[in-house]
Every structure is written in C-alpha cells, then in structure tokens.
Amino acid sequence: MTHGISHGIALQDTPLLDIDLLLDDPGTRIIVCCGAGGVGKTTTAAALGVRAAERGRKAVVLTIDPARRLAQSMGIDLLDNTPRRVDGIKGDGELHAMMLDMKRTFDEIVEAHADPARARAILDNPFYQSLSAGFAGTQEYMAMEKLGQLRARDEWDLIVVDTPPSRSALDFLDAPKRLGSFLDGKFIKLLMAPAKMGGRAGMKFLNVGMSMMTGTLGKLLGGQLLRDVQTFVAAMDTMFGGFRTRADATYRLLQAPGTAFLVVAAPERDALREAAYFVERLAAEEMPLAGLVLNRVHGSGAARLSAERALAAAENLDEGGIVDQEAGKAGPRDSTDPSPAVESAPEHASAGPSAPSAPPIAQLTAGLLRLHAERMQVLAREQRTRDRFTALHPEVAVAQVAALPGDVHDLAGLRAIGDRLTTGGDPAGAA
C-alpha cells in the first residue's frame, strides 16, 4: 500500500484526542487499549478506568498483563478472574479491576456449556489442560470471552480492556477467529468423526481414512497424546459450534459503535511503526478507532535553547572563555555572601587560556548545558518519529502523555497519568 506523505504535516496540525469527551459519553461502553508490547497499555488502561470512575462512570478494567503492577497501583493485593472493587475512588463512580485467568476462563466455558459428567471428563483431559494453559492464541481468545461475559452482565457502563502483551498487537484481533476456526475446523471434525459414527463404522473410518494421518501424528506427538486429543474432541463435541458463535459475536461487539479503540505507542520508531500498521488494520476490519495515545513524551522548559547552542556554550565554558560573569556582578552585593566560586572567577579570567581548569560553577553549568543538549536531541528524535506517523495518518487524533519522573505505583500516579492524558498533549517541562 502506497501512501502520499506530506512532510509539511506537523503534530500541531493533527486533531487532538479529547479523552474526557470519550469517557463522559454514555454511548462509550468499551475502550480497548492496544499496541506493541512495553508501551504502557496497562498503565493507560488503569488510568482511564480511574479517571472514568472519578467522573461518575461505573467502570471495570480487564487487564491481561502478567505483571502485578495494576493490582499494586490500585491498592488491591490480588487481582484474579473476579472483578474486585477499588477503594479510594473519589466522586460518585465506581471502579472494579480484574486480571484475566486464561485457564479459569476456559474452565468456566466448559462448566457453563456441558453437563457435570462431561465437564469433568473435559477438565481432566490432558490435552484440554495443555490447550487451556498455553495453546497459541488461547490467551487472546479468552480475553475476548471474558469481555463478552462482562458486557453480557451489563453491570458496568464502561469496560476498559488492556490487550495481551503479544508478540504482535494484531494477535488480539486474529485470535478469536483463529481459535474458533481451529475448534470448529476440518481437522477437528475429522477427529470427531470416529466418535460420532461409533462402533465398527467409526473404527473402519478411523483405520481407512486416518491411518496415514494418525500414524504421522502419532510419531510427532506420541500415540497417547493423539488418543487424548480424540477423547477431548469426543467430549467437547456439543461445544464446538459455541466457540465459533461466541467468537463471531464478540468480534461484532468490537465493531459496534459503543466500542472505541485506543492505539497506545511510545515516541519510538518501532512502536509507532506498529501503531501505524494497527491503525490500518483497524480500518480494514471496520473497527472504531478513537485515536492514538502517545506515552512517555519528553519535554523541556527551556526548549528555545537549541542543542547546538547549549553544546557551544558548554564548550566555551570548558575552555575558560566565559567565566567572568560581569552581568551577574551588577548591583550591590551582600558582603556576607560566602560564595567563593563567583569571587574567584576574575582570577581565572585574568589567567587567560593557560588557566588550569574552569571554576566549579562553570563546570556545573557546562554539565547542565550538556544534559539540556541531550534532552533536546531526544525531543528532536521523538518529533521526527511523530511526524512520520502523522504524515501517514493525519486524520488520527492524538493525545500525548508527558513522561513522569518515576514509575506509577498508586492511585495518585494513575490520576497524574489521567491528567496528562487530557491536557491536550503539551509535554513542556516533562521529565
């Protein structure tokens, strides 16, 4: 796909993402935070939940992040597959939080759609235990299952979803179809056929129609595993259609007007490349994109001083060329001022280029100037990566989140993130 890139499009020319407008809209029922790994999806989802609750919504945050940061920041000792109310929320709203338990969610599906004897046979089956614990795409599929369950309960008016830390952000969209296709596909139907036909007919079919395949699979997987798979398939016969049906229903839920996708990224080349790819994928799948959240954006309170000028000034100080700060000596001076560095400046200045070293205050100033130059270089690099994204997708609304000086570990930190999400994206003075 070829894009016409206009390098004249700057970030200030792109629409600003109004987070509060999104959170306050009663028509917004689901917010899905997605993007590459390590860009702050979990923190963003939690901050959105806190802000929504404190603005009057009854919200629940579903996180799939295996780390326990969300539980810690919300003051909950343990997050599990059951939504738990978060204490300390100000205002009339409520916030609940939960962490997806992939296997428990799968178990709940089995228990809900099979009689007790069949459910026990499935839950005890070794192949099912492997599938529910780590089959490729199971985590993403179960996230969709849990989202569907939460929405069906209609207990919350806003659900915020933190997508899985997948290798690719696209796995989240693909997983429901992929696992649904596996469980409802030709291979499974072929395995089911002997059990459905029963008796000699079933054995004849198995021997004739599957002898080569089972022989190959038996060598690759082991005969016992293949028997476990066939037993599992027979036990789950009545449930396969339900997987596909629920996957399709959840997929339609993601496309519904009440859902809003937020693509979360950091101002780094790889993260924004993934974000651009995801924006295009959402459009192709007709998923409702609200905008881009750009996390950990750096700023400076002295942005008018360029990196080049700061480095030149630092070099001049190191060479002893700017040490007699006459302007700083203007006006009356307190005779009790004990500052030796300023008093010694004229001596070093008169020493000329042969002075052994710059005075301590000059060394400190030069160091600060170099730090500022490094910060300005970071800002310039981030600006270039943002410009590339906005050139590709000038229609995507953007909210910038200025970098915090430390990690978020409590509700106050999540509120700070929420405040920065809604300030329109000015990172000046950010850490």
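For the structure, check the block above.
This one's a predicted model, so the numbers in the text were calculated from it and none came from an experiment. All residue numbers refer to position in the chain's written sequence, counted from 1. Under the rules for a predicted model, residues below a pLDDT of 70 receive no local features and side-chain atom pairs below 80 are neither given nor counted, while totals for whole chains, interfaces and linings still include all residues. The basis for the side-chain values is all heavy atoms of the structure; hydrogens and waters are excluded.

Colleague: Please set out the overall build of the protein residue by residue, giving values where relevant.
Modeller: Note on conventions: DSSP H or I runs of at least 4 residues are helices, E runs of at least 2 residues are strands, and numbering of each starts at the N terminus. Across its full length, the protein holds 18 helices and eight strands. Looking at the 431 residues of the protein, the share that counts as buried comes to 46%. Residue contacts follow a heavy-atom distance rule, with two residues in contact if any of their heavy atoms lie within 4.5 Å. Taking all contacts inside the protein whose residues are at least 6 apart in sequence as the whole, residues at least 24 apart take part in 78%. Only protein chains enter the area calculation, which uses a 1.4 Å probe; residues under 20% of their type maximum are buried, those over 50% are exposed, and those in between are partly exposed.

Colleague: Let's hear about helix α5 (residues 116–123): which residues, and what values?
Modeller: For α5, every residue scored as buried is listed here: Ala119, Ile122 and Leu123. Considered in projection along α5, the buried side chains sweep an arc of 95 degrees and stay on one side of the axis. This arc is built from the directions going out from the helix axis to the C-beta atoms.

Colleague: Would you mind going over the packing of helix α4 (residues 102–113) against helix α7 (residues 138–153) in detail, with residue names and values included?
Modeller: Lines fitted to C-alpha atoms define the axes here, with helix axes fitted over just the stretch in contact, and angles between the N-to-C directions of these axes take values from 0 to 180 degrees. Interhelical geometry of α4 versus α7 gives an angle of 60 degrees and a closest axis separation of 9 Å. Between α4 and α7, the angle is such that the two are oblique. Here α4 runs over α7; the crossing is left-handed. Between α4 and α7, the residues in contact are Met102, Thr105, Phe106, Glu108 and Ile109 and Thr138, Gln139, Met142, Glu145, Lys146 and Gln149, respectively. Under the scheme applied, nonpolar residues are Ala, Val, Leu, Ile, Met, Phe, Trp, Tyr, Cys and Pro; charged residues are Asp, Glu, Lys and Arg; polar residues are all the others, including Gly. Split into classes, the residues belonging to the contact of α4 with α7 amount to four nonpolar, four polar and three charged. Roughly parallel here means an angle under 35 degrees, roughly antiparallel means over 145, roughly perpendicular means 65 to 115, and every remaining angle is called oblique. Handedness of a helix crossing follows the sense of rotation of the near helix relative to the far helix, less than a right angle counterclockwise being left-handed and clockwise being right-handed.

Colleague: If you had to explain helix α2 (residues 41–54) to someone new, which residues and values would you point to?
Modeller: In this scheme, a helix's expected span is set at 1.5 Å multiplied by one less than its residue total. The end-to-end C-alpha distance of α2 is 20 Å, a good match for the 20 Å that 14 residues give at a rise of 1.5 Å each. Counted residue by residue, α2 has twelve buried out of 14 residues, so it is predominantly covered. Taken residue by residue, α2 has Lys41, Thr42, Thr44, Ala45, Ala46, Ala47, Leu48, Gly49, Val50, Arg51, Ala52 and Ala53 as its buried positions.

Colleague: Talk me through the nonpolar core; I want residue IDs and the actual numbers.
Modeller: Counting residues in each nonpolar core, the largest one holds 92 residues, and the members touching the most others are Leu48, Met74, Leu95 and Leu292. Leave out the neighbours within four places in its chain, and Met74 touches Ala46, Val50, Val61, Val86, Leu95, Ala97, Leu411 and Leu414. Residues grouped as a nonpolar core are buried Ala, Val, Leu, Ile, Met, Phe, Trp, Tyr and Cys residues, joined through side-chain atoms within 4.5 Å. Ala314, Leu317, Ala362 and Leu369 belong to the second-largest nonpolar core, a separate cluster that totals five residues.

Colleague: Hey, could you go over the pattern of salt bridges for me, with residue numbers and the actual values?
Modeller: Any Lys or Arg side-chain nitrogen found within 4 Å of a carboxyl oxygen on Asp or Glu counts as a salt bridge. Taken as a whole, this structure holds 19 salt bridges when the rule is applied. Here Arg85 and Glu94 are joined by a salt bridge, their closest N and O atoms 3.5 Å apart. By relative accessible area, Arg85 is classed as partly exposed at 48%. Among the residues examined, Glu94 registers a relative accessible area of 22% and is labelled partly exposed. Among the charged side chains, a salt-bridge network with shared partners connects Lys103, Arg104, Asp107, Glu108, Glu111 and Lys146.

Colleague: Mind laying out the packing of aromatic side chains, listing which residues take part and the relevant values?
Modeller: We call Phe, Tyr and Trp rings a pair once their centres come within 6.5 Å, taking the six-membered ring for Trp, and we label the pair stacked below 30 degrees between planes, edge-to-face above 60, and tilted otherwise. Applying the stated criterion across every chain, the model contains one aromatic pair. Ring geometry for Phe106 versus Tyr128: centroids 5.1 Å apart, planes at 75 degrees, classification edge-to-face. Taken together, the residues span a long stretch of sequence, with Phe106 in helix α4 and Tyr128 in helix α6 (residues 126–134) at a distance of 22 residues. For Tyr128, a relative accessible area of 0% translates into the label buried.

Colleague: Outline the packing of helix α14 (residues 269–284) against helix α17 (residues 360–392), supporting the account with residue identities and numerical values.
Modeller: Here α14 crosses α17 at 10 degrees, and the two axes come no closer than 9 Å. The angle between the axes of α14 and α17 places the two elements in the roughly parallel class. Between α14 and α17 lies a crossing whose hand is right-handed. Contacts between α14 and α17 involve Arg269, Leu272, Ala275, Ala276 and Val279 on the former and, on the latter, Thr385, Arg386, Phe389 and Leu392.

Colleague: An account of a positive patch on the surface is needed here, citing residue identities and associated values.
Modeller: On the surface, Arg269, Arg381, Arg384 and Arg388 cluster together into a patch of positive charge. Take Arg269: it is sitting in helix α14. The patches reported here contain residues having more than 30% relative accessible area and no salt bridge. Joining distances are 9 Å for like charges and 5 Å for nonpolar side chains (Val, Leu, Ile, Met, Phe, Trp, Tyr). Areas reported as accessible are Shrake-Rupley estimates using a 1.4 Å probe. Residue values count occlusion only from the protein chains shown. Lys and Arg are tallied as positive, Asp and Glu as negative. Neither His nor the chain termini are counted. Where a charge lies is defined by one atom per residue type, namely NZ (Lys), CZ (Arg), CG (Asp) and CD (Glu).

Colleague: Describe the environment of Val401, and please don't skip the residues or the numbers.
Modeller: Looking at where Val401 falls in the secondary structure, it is placed in strand β8 (residues 398–402). Owing to a relative accessible area of 2%, Val401 belongs among the buried residues under this scheme. Val401 sits 103 residues away from His298 along the chain, and the two C-alpha atoms are 8.8 Å apart. Every residue in contact with Val401, bar those within four places of it in the chain, is listed here: Val293, Leu294, Asn295, Arg296, Val297, Ile417, Arg420 and Leu421.

Colleague: Talk me through the sheet that holds strand β4 (residues 94–99); I want residue IDs and the actual numbers.
Modeller: Spatially, β3-β4-β2-β5-β1-β6-β7-β8 is the arrangement adopted by the eight strands of the open sheet, whose pairing is mixed. Among the strands making up the open sheet, the edge pair consists of β3 (84–85) and β8. Strands pair, by our definition, only if DSSP identifies at least two bridges between them. Direction of pairing for strand β2 (residues 58–63) relative to β4: parallel, over a ladder of six bridges. Bridge pairing links Leu62 to Met98 in β4. On the sheet, α2 packs against β1 (30–34), β2, β4, β5 (158–162), β6 (259–265) and β7 (289–297) and is oriented at approximately 165 degrees with respect to β5.

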